[in-house]
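Single-letter residue listing:
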Amino acid sequence: MDTPAYPQPAAVQIVRDRRGIIVGRLETQHNTRKTIARDARGLLVGQYDHRIDVTRDACGVLVGTGNLLPALLPRR
């Protein structure tokens with residue numbers, strides 16, 4: 001049995017700029033094997049699919065291969 005019988009909560013990583021202001025967060029969803037990027041207001045910025053190793057923006061347009069989510073977060 002590889003997966004637990006209960007759903008696992010998403011692991012959340014807060015992303016801050018140099019001044020310590022929150023610019024976004026990265027939520028890793030274990031059951032779908034995706035990482036979701038949200039800006040400071042909670043709006044979807046993009047997602048990274050670990051299985052096929054691609055990053056897509058909020059509209060689903062391919063951004064590139066690999067995890068490019070930090071580049072999609074707005075800088076202040």
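Look up: the structure comes first, before these words.
Note that the coordinates shown come from a computational prediction; the quantities given were computed from them, not determined experimentally. (Residues numbered from 1 in each chain as written. Predicted model: local features only at pLDDT ≥ 70, side-chain atom pairs only at ≥ 80, totals over all residues. Heavy atoms only, no water.)

**Topic: the overall build of the chain**
Next up, step 1: Looking only at helices and strands, the chain has one helix and six strands in total.
Next up, step 2: The order of helices and strands in the chain, counted from the N terminus, is β-β-β-β-β-β-α.
Next up, step 3: By residue count, 26% of the 76 residues in the chain fall in the buried class.
Next up, step 4: Taking contacts inside the chain between residues at least 6 apart in sequence as the whole, the part at least 24 apart equals 16%.
Next up, step 5: When the accessible area of the chain is evaluated, it comes to approximately 5500 Å², of which 52% is carbon and sulfur surface. (Helix = DSSP H or I, 4+ residues; strand = E, 2+ residues; numbered from the N terminus. Buried < 20%, exposed > 50% of the residue type's maximum accessible area, 1.4 Å probe, protein only. Contact = heavy atoms within 4.5 Å. Areas by Shrake-Rupley, 256 points an atom, 1.4 Å probe, with all protein chains shown as cover.)

**Points about the environment of N67**
Next up, step 1: Looking at the secondary structure, you find N67 in the loop between β6 (62-65) and α1 (69-72).
Next up, step 2: For the pair N67 and Y48, spaced 19 residues apart in sequence, the C-alpha to C-alpha distance is 6.0 Å.
Next up, step 3: The contacts of N67, once residues within four sequence positions are left out, are Y48 and T55.
Next up, step 4: At 3.2 Å, the side chain of N67 forms a polar contact with the backbone nitrogen of L69. (Polar contact = N/O pair within 3.5 Å; in protein donor to acceptor, adjacent residues only side chain to side chain.)

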